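Below, each chain spelled out in residue letters.
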Amino acid sequence: MHDFKELFLSKLPSPINRFAEDTITFAEWLNAIFQKLIGLYQTIEAFRDINKANGKALDRIGDQFNQQRGSADDDFYRIIIRSKQATNMGNSTVNGLINMIARSLDIQPDKIRIESLRQYENGTLNDGEPLAIRISNIPLEWARSDFEQNYILERIKNGVAAGVRVDEVSFVDNSNAVLSVRGLTSATITYEVKGEG
């Protein structure tokens, strides 16, 4: 922290005795007030940071992006706000979609995979759907509840280019279990768990 006391005493004009007891007491009182102000400004600065704000301060950040909290806790509300920010950028390319997911979850983009269902196999094109994609390796720790998973799914669906269908989204957790969410265009979402629980 800044030492306002020493700065104040050093700026006093020479006719004032900076070593007098009253002068030092006054400088210490000013320093205490100044330190409180510094603490207040640091708190205000922290509350403007989406990663440090919480409660009502986080709600105000969400209001700036016209994004209501709903039933989300602070941690997931940060994801909601970041995903809204990323979606507002409007980049619906593959890299744009990866960056939107990575920025929303505050993770490294190289972990996320997006594949087309139509691919070249041994030099020939398979009969997969041309405008359908599969997204995998989204960390499950950021989407534990149905509400959180459904929110991320909706945000991903809204982030792809017009005409592109998201066929599958896979969440991966640290225990190597994979939760696949399939059939996103239908009203029914089925869960398939692979690996060890």
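Residues numbered from 1 in each chain as written. Predicted model: local features only at pLDDT ≥ 70, side-chain atom pairs only at ≥ 80, totals over all residues. Heavy atoms only, no water.

Draft legend 1. The arrangement of the packing of aromatic side chains in detail. In total, this model carries two aromatic pairs according to the counting rule given. A network of ring pairs unites the aromatic residues Phe-8, Phe-26 and Trp-29 as a single cluster. (Phe/Tyr/Trp six-rings, centres within 6.5 Å; stacked < 30°, edge-to-face > 60°.)

Draft legend 2. Looking closely at the environment of Thr-23. Relative to the elements of secondary structure, Thr-23 occurs in helix H2 (residues 21-47). A sequence separation of 11 residues divides Thr-23 from Leu-12, and the C-alpha atoms of the two residues are 9.8 Å apart. Discounting residues that sit within four places of it in the chain, Thr-23 has contacts with Leu-9, Leu-12, Ile-16, Asn-17 and Arg-18. (Helix = DSSP H or I, 4+ residues; strand = E, 2+ residues; numbered from the N terminus. Contact = heavy atoms within 4.5 Å.)

Draft legend 3. A look at the pattern of salt bridges. What the rule picks out here adds up to seven salt bridges. Among the salt bridges present, the one from Lys-5 reaches Glu-28, with a minimum N-O distance of 3.1 Å. With a gap of 23 residues between them, Lys-5 in helix H1 (residues 4-11) and Glu-28 in helix H2 connect regions that are remote in the sequence. You can call Lys-5 buried: its relative accessible area is 19%. Among the residues examined, Glu-28 registers a relative accessible area of 41% and is labelled partly exposed. Taking the shortest distance from any N to any O, the salt bridge between Arg-69 and Asp-59 comes out at 2.7 Å. Of this pair, Arg-69 sits in the loop between helix H3 (55-64) and helix H4 (74-88) while Asp-59 is found in helix H3, placing the two residues 10 residues apart along the sequence. (Salt bridge = Lys/Arg side-chain N within 4 Å of Asp/Glu carboxyl O. Buried < 20%, exposed > 50% of the residue type's maximum accessible area, 1.4 Å probe, protein only.)

Draft legend 4. Spotlight on unusual backbone geometry. For Asn-66, which is not glycine, the phi dihedral falls at a positive 55 degrees. Structurally, Asn-66 is set in the loop between H3 and H4. A relative accessible area of 61% places Asn-66 in the exposed class.

Draft legend 5. Quick look at the packing of H1 against H2. Running from N to C, H1 and H2 point in directions that differ by 135 degrees, and their axes come no closer than 8 Å. Looking at the two axes, H1 sits oblique to H2. Remark: the crossing between H1 and H2 carries right-handed chirality. Contacts from Phe-4, Lys-5, Phe-8 and Leu-9 in H1 reach Thr-23, Ile-24, Phe-26, Ala-27, Glu-28, Leu-30, Asn-31, Phe-34 and Gln-35 in H2. Grouping the constituent residues of the contact of H1 with H2 by class yields eight nonpolar, three polar and two charged. (Axes fitted to C-alpha atoms, helices over the stretch in contact; angles between N-to-C directions. Parallel < 35°, antiparallel > 145°, perpendicular 65-115°, else oblique. Left-handed = near helix turned anticlockwise from the far one by under 90°. Nonpolar A, V, L, I, M, F, W, Y, C, P; charged D, E, K, R; others polar.)

Draft legend 6. Highlighting the packing of H4 against helix H6 (residues 146-159). Orientation of H4 relative to H6, taken along the N-to-C sense of each, is 5 degrees, at an axis distance of 11 Å. The pairing of H4 with H6 is recorded here as roughly parallel in orientation. Across the interface between the two elements, Phe-76, Ile-80, Ser-83, Lys-84 and Thr-87 of H4 pack against Phe-147, Glu-148, Tyr-151, Ile-152 and Arg-155 of H6. Here the contact of H4 with H6 is built from residues that sort into five nonpolar, two polar and three charged.

Read these as layout, nothing more, since geometry by itself doesn't imply function.
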